[in-house]
Structures are given as structure tokens and as C-alpha cells.
Amino acid sequence: MSSGPYVRKVAILGAGVMGAQVAAHLASADVEPVLFDLADKGNNKNAIVDKAIKQMEKMRPAPAATKDRLKLITAANYEEHLDKLKDCDLIIEAIAERLEWKQDLYAKIAPYINDEAIFASNTSGLGITLLSEALPANIRPRFCGIHFFNPPRYMALVELIAGAGTDTKYLDKLETFLVTVLGKGVVHAKDSPNFIANRLGVFNIQATMYHADRMGLPFDIVDSLTGPALGRPSTATFRTTDLVGLDTMANVLSKSAEVLTKDPWQKYYHVPAWVQGLIAKGALGNKTKGGIYTRKGKERLVLDVATGEYRPVDGKLDPDVKKIMDNRNLAEKVAALRASDAVQAQFVWAILRDMWHYSAVTLNEIADTARDADFGMRWGYGWKQGPFEIWQAAGWKQVAAWIAEDIAAGKTMVDVPLPAWVNEIEAAHTAQGSWSPGANAYHGRSTLPVYKRQYFPEPVLGEAKPDRGTTVFETDDVRMWHQGDDIAILSFKSKMHAVGEGVIAGINQAIDICESGEYAGLVIWQDKPPFSAGADLAGIAPIVIEGDYEKIRGIVSAFQNATSRLRHSYIPVVAAVSGMALGGGCEIAMHCDRVVAALESYMGLVEIGVGLLPAGGGCKEFALRIAAECPDNNFNPYVIKYFQNVATAKVGTSAEEAKQLGILRPSDIIVFNTNEILYVAKAQAKAMAESAYRPPLRKLVKVAGRIGSATLNMGMVNMLEGHFMSEHDHLICQKIAAAICGGDVDPGTLVSEDWLLKLERDAFVELVAHPKSQERALHMLQTGKPLRN
């Protein structure tokens, strides 16, 4: 590995579910992956790897940014291709969790590892120091643990684990690579069984099962109590178990029992009889279409342990307990749970108490700070807050006293006392940092240079908040601000960052201020996703009800003027996009001089879902892109592509796919770490400003005209006759086709942008007045789902 953070080629040893998906994520990040596995006995010795790559094409959610990225993975096998390891900067071992298998592989590959390469194991819990004993002494300083979480594209967490002989300079290089190139959240785990997230997460699942069984609570009730009501994923406990697979969960519990020999809670790590029974029947969860939960037709059923039969899912909570769980004041909630005599409330108190007890006792063994433990559970298990954050929010001293009382009363799973440090501090996280029991002090965040790219890193409760910049102006809908330099930032404040009259006015005001000479560039950035969910339907609904369609025309015209200003203002404008950028939000991004998009950006013009068409310049932009891409007057391939984007409300499943759809341009930039997009966007705006930026001149646009519309309409008629679209779908699609193709003109006619914008505007107003479009919009507002009518 070079002296910098550069990793050009990575070998992944093991083409199982995790290894293959890590390879896919590397390929998405333009890092060359070489995926190894055993040589197949047939003619194609790479058949095992080839099959793994092929299977990823069908996986959902998709492991790679686009399917094309999978073609960048080089297939290899241990029999023929070990020489390929010599060129790799990083080698990741991801084979089965069998110590002897790993040791045998290490001995085989060691002679091929170059003198600078980092070698890392993706083990989920085997000791790094123990594994390193199979390596030559010269490799051990470059050996560590690198534990990805499944699925690696979407799960932020990577645990880095140093062994006894690991040189930390290699960990620093690896962390830099993981954070900025792969977009990961890194925590440093100690070399202890199961590391951080799985140590805490598996205990939480086991404790939940234990208390549910002890109190006789059914699975659906437990899931109602341990999902979003506790700040955890909607799959809660037992739906998550079905998702992961009961066989996998049983294996994790068994392995935990084997390795956690010194854990005071070790006796609880066993596979319940009902889990064994389901596995014996082949009911493994989602992958076998039945486990703890199953379906009978459209009805969801859940296993009743007492009878061994399935019954309809209920999941309704005791009304008094539900009232407690709905309380957003965590201190009040926890106090009420502990005080309540209701079984459901006592259950929740028990799992929270035992999680806190376990986290406190094990913290010094598994992590340097409480921050690493909390981020581990947030990034690895999808919790909104980690265990120490929840404890702190509920009242550190009071909760500690309650836990101690329950330990003394024999109510906890074990009678191990809380560590002394718990009563010596006021909080796990403070402005000075997060508590480190090993150092008996608060530790601040990492000072690695890569984190300077994150102006607003994900916070933990109680730590010092970063400077939010200086406000230039602020309204109910937007805030314009800066960070002490000449690049202004505009952030939306509306719900879901929806685009309404206030946002439109804010865009214009921000450009006015920038063009007055006060700022050299403008970045549009939101402090959290989405970038924008689209137009503010709720805001225009009263105007539609009143039938004031001329006012609607005025609002559309104002939006078009604002997006045109984004494109033609005399300062560079950059959109920093993450999450959804739909409808009007997508149009805003498309009109900026550049888009810096997080990989996990989901962009599309989806207006057909509410019975409308894009009218903020989206159709006009597609017409411009068709003209730019069409080398002659053969418009059809380009017209069809862009028409389908709008007519089918296509949303890119990644920023990379948004490029393939033509929503993002080749010059737009994709960033893997969402926390870095503001840094990169400001750098882009600054670079354009320093390069004597001038806006693009307005040019006439060559359009496909009536022939292009007619071609599209032929396909629509076939879909209409085949009942694949409704009459109203057909009407909307005709309007979209006309807007993209430039209206009733000859093919190749040159038209102005204003002409194209008028086509959009007129069609939008006509559709918004249509009863069926109004039905679609109302249905979306009421249900959040599209209506086909």
C-alpha cells in the first residue's frame, strides 16, 4: 500500500454473500476488485465466483450502484491466480468463520502478499491476534480486522480491530480509505469476541427472547414494543430474525456461547427450543417464506409458541402501555415503564435495564469509548440512538440507581455490579468527549485529516455541537448562511424540504445577494435527507380547490424563472444532494451548474404519480439533453429514453443510476460519504468561481417535434389497448411527449427554452384542472401512495 490512503486494487478472499457484496461495493467506488474462491472441479475453475457475481444481478436491494459495475469484478481462484495478489494494495479475507480454514488459507497466500499491502479479516468475532499467529512476522503489523455489516453497500458500519502486533499507521490509512472512498462509518473495536456491535446486538436479541419467554409475551406484541417505539428499525426483533434467517441466528447464538466463556451472561446464549423446532421443519424465515411469521394469502400470521400453530397477527398494545411508549420524553417514558405494573411495560423496562447493565459491564472490554459503542449500534443495527445515549437521555444518575436497586433485588439476569465509573461520571457523552473507562477520561473524536471533510459529522447526544455558520437571512422556508468564506449555502426548512412559494422566493433572494458581489458561489444543501421530496402539494391544494388556475400558472411560472436563474445566474450554483430528490427537487438539482450527489441519492421526475408532468423546467432539460446527445436527426432512441424516465416515474436507485438515466450529467460528481457532500460541493463552487465562471449562453434547441411525439404515441396506444395504462395515463403521457419533443413542429426545428417552458406550463395548468389529476393529488396527500385512475 502506498504512503497515502490510495487503494487501487483489492483482493477479496471468499465469494460468499459478504465477500461478493464487498467486491460489488468496491467496484461501485472505482476500486478494482479481484474476487477469489476455491477452484471449481469443472472446466471453468472460476465457476464459483462467476456464479456469485451472476447471483448479485438479481439481489434486492442491489449490492452495486448499477448492474454494469458487477462486470468490473475480476474472478479468480486459489489454484491458478495467487500471483494476482502481488498487485493488490489491500487483501480482505471473508471466508467461513472456521479458525483452521482461515489459518490454512493464510499460510497459502502469505508468500504472495507484497511488502506494503494491508491484510485484513472480515471475521465477525474471531480473535485478530489469534488469527495473526498463522502469518509471518513481517505481515503481522499490517494485519487487522475489517468487519463489514450486511448488506455492505447500505450498512454504514465497519469495525476496525487491531491485533497485538498491528501497527496503527496502517489502521489510519485503512480508516481514511473506508471513510472517504467507501463512505463508511468506522469504529475501533478491541480484540474481544464479537467485537462491538454484534457483542451488544446479539445480547439484546437474546435478552429480548429471554424476557419475552419469561413473561409469556407473544412475538407480535414484542415486535410492537421493540421497533420504532424504542427508536429501532420497523422489523423490530422477531421480524429481523426472520429477515436474517433463523438458521443464521441459531448459529450466531451457538458461536457466541462458544467464544464468550468469560461473559457473566454466557449461560443465556442458547438456541430456544421453538427456534430449533422451526429450523427442523425448514421454516427459516423470509428465505423460505415462513419462519416466526408467515402468510396465508394476504393475511399475515405469527407463530403461537404455546400451540405451535400460526394465528393472525394482532400486535395491539395495552392502551396504558401504548400511552407510555408514545411519550417522546425519554426520562418520563423510562420512569413510567419502571413504575408500571403492566407486563408489557415491565418487559420493556427489563430489556432496557439489562442492555444498559451489559453495555456498562462490557464497555472497557469491547471499545475505547462509549461513542464507539453507540455508533456501533446505530450504524450496525439501525438504532436511532445507542445504549449510552438512551441511558443519558433517560437520566444517567437515576437510571444507574435503578439498575443497582434491581441488581440488589435479584431482578437482573446476573448479579454482577455496575462498574465503579458509572457512578463517578454525570454522563457518557459531554462537550469534552465520550467516556473511556480504560483511560478514566473523556476522549474527543478522531483527529485524522479525513474527518475535516465532514463539517457536520453525525452527532452523539451531549457532545459539543459544531458551529452552524453565520445566517445571511432566514424565513419560515429557507436559511441562507455561510461558514466565514465567500461561498453561500442555502438550506430548505420546509417539511420534507418541499418546494413551495417560500422556497422559490428564497432561491431568488439568495441569487440576488450572491450576484450583488457578496458571495462568489452558492451551494444548495440540506442538513439531513431528503434533498427535496418535490412540490408542496399541500400548499397549492387550496388554490386548486378554489379553481384559481391562473394563480397556479403564476406559481409555475415563478418556479420556472427560479430554476432558469439557477442555470443562468452569474455565480456558480452547486446542488449537494443526498436521499430523495424527486419532482421539483430533482428539477432544482438538474438546473444547477453541478450536482454533488451522495451515492445513496434517489432522483427522478415522478409527477405523473399525482396526475401532472414536470413543469419546473424538467421536460425542457430533457429536451436539451436529447439535442446534445443526438448527433443527427435520429431522435428516436434519445426521445424514448427520456420520455420513459418521466412517463414511468423512474427513480434512480443510486446516483450512478441517475447518471445512466440522464438525470445527472457526466460532469456531476458522486460522493460515497454523505457527510462529505457539503465539503465537496463548496470546493466545486469555489473552483468554478476561481476559474472566471460564466453562465452558459442561451441557445436554440433542436427538437424531435410532432414526429417524435407521434412515435411515442404509437407505443402508448398499444399500452392503452393492452390495458397497461389508463385513459388518463394516456392523456398525461401525450402532454409529456409534446413537452419533451418541442410541440407541433417539424423534426429538427430550433426552438427557444422559453418555448419549451411554455409547453410545460400550459400542459401543467391543463392537467391540474382535470378531475382525475386532482383525484391523484388528493390520494397522494391522504395516503402517501399513487393512485391509478
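Up top you'll find the structure we're talking about.
Rules and cut-offs
Residues numbered from 1 in each chain as written. Predicted model: local features only at pLDDT ≥ 70, side-chain atom pairs only at ≥ 80, totals over all residues. Heavy atoms only, no water. Pairing = 2+ DSSP bridges. Helix = DSSP H or I, 4+ residues; strand = E, 2+ residues; numbered from the N terminus. Right-handed = clockwise from strand over helix to strand, strands pointing away. Phe/Tyr/Trp six-rings, centres within 6.5 Å; stacked < 30°, edge-to-face > 60°. Buried < 20%, exposed > 50% of the residue type's maximum accessible area, 1.4 Å probe, protein only. Axes fitted to C-alpha atoms, helices over the stretch in contact; angles between N-to-C directions. Parallel < 35°, antiparallel > 145°, perpendicular 65-115°, else oblique. Contact = heavy atoms within 4.5 Å. Nonpolar A, V, L, I, M, F, W, Y, C, P; charged D, E, K, R; others polar. Arc of directions from axis to C-beta. Polar contact = N/O pair within 3.5 Å; in protein donor to acceptor, adjacent residues only side chain to side chain. Core = buried A, V, L, I, M, F, W, Y, C linked by side-chain atoms within 4.5 Å.

Section: the pairing of strand β3 (residues 74-77)
Part 1 of the reasoning: As judged from the four bridges shared by strand β2 (residues 32-37) and β3, these two strands associate in the parallel manner. Bridge pairing links aspartate 37 to asparagine 77 in β3.
Part 2 of the reasoning: After leaving β2, the chain enters helix α2 (residues 47-56) and then returns to the sheet as β3, a path that is right-handed.

Concerning the packing of aromatic side chains
Part 1 of the reasoning: In total, this model carries 27 aromatic pairs according to the counting rule given.
Part 2 of the reasoning: Consider the rings of phenylalanine 119 and phenylalanine 143, whose centres lie 5.3 Å apart with planes at 50°: the pair is tilted. Linking phenylalanine 119 in strand β5 (residues 118-121) with phenylalanine 143 in strand β6 (residues 143-148), this pair joins segments that are 24 residues apart in sequence.
Part 3 of the reasoning: Classification of phenylalanine 119 as buried rests on a relative accessible area of 0%.

Considerations on the packing of helix α25 (residues 727-741) against helix α27 (residues 771-783)
Part 1 of the reasoning: Where α25 meets α27, the closest approach of the two axes is 10 Å, and the angle between their N-to-C directions is 100°. Between α25 and α27, the interaxial angle falls into the category roughly perpendicular. Contact with α25, carried on its side by His728, Asp729 and Ile732, involves Lys772, Ser773 and Arg776 of α27 and no other residues of that element.
Part 2 of the reasoning: Tallied by class, residues from the contact of α25 with α27 come to one nonpolar, two polar and three charged.

A word on the environment of isoleucine 707
Part 1 of the reasoning: By the secondary structure assignment, isoleucine 707 is in helix α24 (residues 705-721).
Part 2 of the reasoning: Remark: the alpha-carbon pair of isoleucine 707 and proline 193, spanning 514 residues in sequence, is separated by 68 Å.

Describing the sheet that holds strand β13 (residues 433-436)
Part 1 of the reasoning: The strand order β12-β13-β14 describes an open sheet built from three strands, whose pairing is antiparallel. Each edge of the open sheet carries a strand with a single partner, namely β12 (429-430) and β14 (441-443).
Part 2 of the reasoning: The pairing of β13 with β14 spans three bridges and is classified as antiparallel. From the neighbouring strand, tryptophan 435 faces β14, where its bridge partner is tyrosine 442.

Remarks on helix α12 (residues 330-339)
Part 1 of the reasoning: Buried residues of α12: Leu330, Lys333, Val334 and Leu337, and no others. Along the axis of α12, the buried positions cluster into a sector of 90°, meaning they face one direction only.
Part 2 of the reasoning: Structurally, α12 contributes buried residues whose contacts are with α11 (319-325), α13 (343-366) and α15 (387-408).
Part 3 of the reasoning: Between the side-chain oxygen of the N-cap and the backbone nitrogen of alanine 331 there are 3.1 Å, and the N-cap of α12 in question is asparagine 329.

As for the side chain of serine 654
Part 1 of the reasoning: Relative to the helices and strands, serine 654 resides in the loop between α21 (636-647) and α22 (655-661).
Part 2 of the reasoning: A distance of 2.8 Å separates a polar side-chain atom of serine 654 from the backbone oxygen of alanine 65.

Things to note about helix α3 (residues 99-109)
Part 1 of the reasoning: Taken together, the buried positions of α3 are Lys102, Leu105, Tyr106 and Ile109. Down the axis of α3, the buried side of the element spans an arc of 105°, and every buried residue falls inside it.
Part 2 of the reasoning: Check the buried side of α3 and you find it contacts β1 (9-13), β4 (90-93), β5, α4 (128-132) and β6.

Focus on the nonpolar core
Part 1 of the reasoning: Phe119, Trp356 and Trp391 are the most contacted members of the largest nonpolar core, which totals 110 residues.
Part 2 of the reasoning: With twelve residues, the single largest contributor to this core is α13.
Part 3 of the reasoning: Those residues in contact with phenylalanine 119 that sit more than four places away from it in its chain are Leu13, Ile91, Glu93, Tyr106, Ile109, Ile113, Leu135, Ile139, Arg142, Phe143 and Cys144.
Part 4 of the reasoning: Formed by 79 residues, the second largest nonpolar core is a distinct cluster that contains Val499, Tyr519, Ala562 and Tyr642.

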